[in-house]
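Residues per chain are reported as follows:
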Amino acid sequence: MFRKLPADLMPTEDSPGLRVKGGTQYSRSQGDYRCGGCGAEDHANGDNDVKALVDDYTGNQGPAHRRNEGRR
């Protein structure tokens with residue numbers, strides 16, 4: 001059974017970013033992101049999927065968009 005996280009911890013359009021919650025012996029790890037540059041969002045459950053989500057966010061979304069904003 002998964003507990004729903006409080007809404008203020010979830011990335012939103014007004015507060016984009018990455019959220020990762022580690023797993024316990026009773027639950028799997030979870031992750032969510034919302035990109036502030038393009039509005040893309042994603043969710044993952046389980047260690048391998050959350051790791052892939054973090055890699056996608058750091059390589060292609062949030063930080064990548066902020067770095068490239070001045071190059072247009």
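Everything below is about the structure shown above.
Below or above, wherever it landed, is the structure these notes cover. (Residues numbered from 1 in each chain as written. Predicted model: local features only at pLDDT ≥ 70, side-chain atom pairs only at ≥ 80, totals over all residues. Heavy atoms only, no water.)

## With respect to the overall build of the protein chain
Convention followed: Under the DSSP-based scheme used, a helix requires at least four consecutive residues in state H or I and a strand at least two consecutive residues in state E, with every element numbered from the N terminus. Residue exposure (1.4 Å probe, protein chains only): buried if accessible area is under 20% of the type maximum, exposed if over 50%, otherwise partly exposed. Residues count as neighbours in contact if any of their non-hydrogen atoms are within 4.5 Å of one another. Each accessible area is a Shrake-Rupley result for a 1.4 Å probe, and residues are judged covered by the shown protein chains and nothing else.
Counting its regular elements, the protein chain contains two helices and three strands. When the helices and strands of the protein chain are read in sequence order from the N terminus, they spell out β-β-β-α-α. Per-residue burial over the protein chain gives 28% buried out of 72 residues. Considering only contacts within the protein chain whose residues lie at least 6 apart along the sequence, 21% involve residues at least 24 apart. In the form shown here, the protein chain has an accessible surface area of approximately 5,300 Å², with 47% of it arising from carbon and sulfur atoms.

## As for the pairing of strand β2 (residues 30-34)
Test applied: Paired strands, in this sense, are two strands between which DSSP finds at least two bridges.
In terms of burial, β2 is largely enclosed, as five of its five residues are buried. The side-chain alternation of β2 yields two buried faces, one formed by Q30, D32 and R34 and the other by G31 and Y33. Sheet analysis places strand β1 (residues 17-21) next to β2, joined by five bridges and oriented antiparallel. What sits directly across from K21, in β2, is Q30.

## Some details on the sheet that holds β1
Worth spelling out the cut-off: Helix axes are fitted to C-alpha atoms over the stretch in contact, other axes to C-alpha atoms as well, and angles between N-to-C directions run from 0 to 180 degrees.
Across the sheet, three strands lie side by side as β1-β2-β3; this open sheet has antiparallel pairing. Looking along the sheet, the strands with just one partner apiece sit at the ends: β1 and β3 (41-45). Sheet twist, expressed as the mean angle between neighbouring strand axes with direction ignored, is 5 degrees. Sheet strands touched by helix α1 (residues 47-60): β1, β2 and β3. Its angle to β2, the strand with the most contacts, is close to 20 degrees.

## Observations concerning the side chain of R34
Selection criterion: Here a polar contact is recorded for every N or O atom pair within 3.5 Å, except that within protein the pair must consist of a potential hydrogen donor and a potential acceptor, and residues adjacent in sequence are included only if both atoms are side-chain atoms.
With respect to the secondary-structure elements, R34 resides in strand β2. For R34, a relative accessible area of 16% corresponds to the buried category. Of the polar contacts made by the side chain of R34, one reaches the side chain of E41; its length is 2.8 Å. Residues contacting R34, with those up to four places away along its chain left out, are P11, T12, E13, P16, G17, G39, A40, E41 and Y57.

## Structural notes on α1
Basically, it comes down to this: Here, expected helix span is obtained from the residue count minus one, scaled by 1.5 Å. The directions considered for the arc run from the helix axis to the C-beta atoms.
In a regular helix each residue adds 1.5 Å, so 14 residues correspond to 20 Å; α1 covers 20 Å between its end C-alpha atoms and thus fits that length. Those residues of α1 that fall on the buried side of the exposure criterion are V50, L53 and Y57. Along the axis of α1, the buried positions cluster into a sector of 55 degrees, meaning they face one direction only. Those residues of α1 that are exposed and angled more than 90 degrees off the buried face are D47, N48 and K51.

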